[in-house]
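Results of the structural survey
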Amino acid sequence: MNNRKKRVMKNKVLNIKKKFNLFNDRWSPKVIAEINNYQVKLTKLKGDFPWHSHKDTDEAFIVVEGDLRIDFKDGFVSLSEGEMYVVPKGVEHKPSAVKEVKIMLIEPKGVVNTGDLEPNNLTAKNDIWI
Ligand code: NI
């Protein structure tokens, strides 16, 4: 390709590390991109999240930095930096982290972080873009 001709591309290059520097609150996913009707979100977690499930959708967790544990009623998975796990729809899960972990989530637009639970103080606002 001819490098002398600069073209402005429609989509910006996103720097994930820099995006994580834009917020400090935990358990409150921020949207960085949309892929069709899916959103890519970043969040920081520490401690325990309540048990919940998402009856209509799978949920992908990708660990960017740190260690994440996801408990299920019949077991658990431990994820380290660079690892990914897809929680199937309808499966009860409880994410937790001893030390702060930075994760990326991929899920359809409009998914509520606390899933099927009554809205509570951990229920995050949707569509917060950074
Ligand atoms: Ni979930």
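Residues numbered from 1 in each chain as written. Predicted model: local features only at pLDDT ≥ 70, side-chain atom pairs only at ≥ 80, totals over all residues. Heavy atoms only, no water.

Here we look at the overall build of the protein chain
A count of helices and strands for the protein chain gives one helix and seven strands. Listing every helix and strand of the protein chain by position from the N terminus yields α-β-β-β-β-β-β-β. In terms of overall dimensions, the protein chain has a C-alpha envelope of 55 × 30 × 25 Å along the principal axes. Counting all 130 residues of the protein chain, 38% fall into the buried class. Across the protein chain, the fraction of contacts at a sequence separation of at least 24, relative to all contacts at a separation of at least 6, is 65%. Distance between charge centres in the protein chain, computed from 23 positive and 18 negative side chains, equals 13 Å. (Helix = DSSP H or I, 4+ residues; strand = E, 2+ residues; numbered from the N terminus. Buried < 20%, exposed > 50% of the residue type's maximum accessible area, 1.4 Å probe, protein only. Contact = heavy atoms within 4.5 Å. Lys, Arg positive; Asp, Glu negative; His and termini not counted. Charge placed at Lys NZ, Arg CZ, Asp CG, Glu CD.)

Brief notes about the packing of aromatic side chains
A full pass over the atoms with the stated rule returns three aromatic pairs. Taken together, a centroid distance of 5.9 Å and an interplanar angle of 35° make the contact between Phe20 and Phe23 tilted. Seen in terms of ring centroids, Trp27 and Phe49 are 4.8 Å apart; in terms of plane orientation they differ by 20°. Their pairing is stacked. Of this pair, Trp27 sits in the loop between α1 (16-20) and β1 (30-35) while Phe49 sits in the loop between β2 (38-48) and β3 (59-65), placing them 22 residues apart in sequence. Just as Trp27 is buried, Phe49 falls in that class too. It is Arg69 that lies over the ring of Phe76; its NZ or CZ is 3.8 Å from the centre. Taking NZ or CZ as reference, Lys73 lies 4.0 Å from the ring centre of Trp51, over its face. (Phe/Tyr/Trp six-rings, centres within 6.5 Å; stacked < 30°, edge-to-face > 60°. Lys NZ or Arg CZ within 6 Å of the ring centre and 35° of its normal.)

Notes on the pairing of strand β5 (residues 75-79)
Bridge count between strand β4 (residues 68-72) and β5: five bridges; the pairing is antiparallel. By the bridge assignment for β5, Phe72 is matched with Gly75. In this structure, the hairpin formed by β4 and β5 is closed by a connection of two residues. (Pairing = 2+ DSSP bridges.)

Considerations on the nonpolar core
One finds Phe61, Leu68, Ile70, Val101 and Ile103 to be the most contacted residues of the largest nonpolar core, which totals 15 residues. Put simply, the parts of the chain that give this core at least two residues each are β3, β4, β5 and β7 (93-108). Per element, the largest residue contribution to this core is four residues, and it comes from β7. If we ignore the near neighbours within four places in the chain, the residues touching Val101 are Thr43, Lys44, Leu45, Val63, Glu65, Gly66, Asp67 and Leu68. One finds Phe20, Phe23, Val40 and Ile62 within the second-largest nonpolar core, a separate group that totals eight residues. (Core = buried A, V, L, I, M, F, W, Y, C linked by side-chain atoms within 4.5 Å.)

Things to note about the pairing of β2
Bridge analysis of β1 against β2 gives five bridges, and the strand direction is antiparallel. Looking across to β2, one finds that Ala33 is bridged to Val40. Here β1 hands over to β2 after two residues, with Asn36 in that stretch at a positive phi of 50°. As defined by bridge partners, β2 adjoins β7 across 10 bridges and the pair is classed as antiparallel. Within β7, the position partnered with Leu45 by the bridge is Val101.

Description of the coordination of the nickel ion
For the nickel ion, the full set of protein donor atoms is His52 (NE2), His54 (NE2), Glu59 (OE) and His93 (NE2), and the range of their distances to it is 2.1 to 2.2 Å. Mapped onto the polypeptide sequence, the residues donating to the nickel ion form the spacing pattern H-x1-H-x4-E-x33-H. With Glu59 in strand β3 and His93 in strand β7, the pair connects residues that are 34 residues apart, well separated along the chain. On the accessibility criterion, Glu59 (4% relative accessible area) is buried. (Donors = N, O, S within 2.8 Å, 3.2 Å for Na, K, Ca; no water.)

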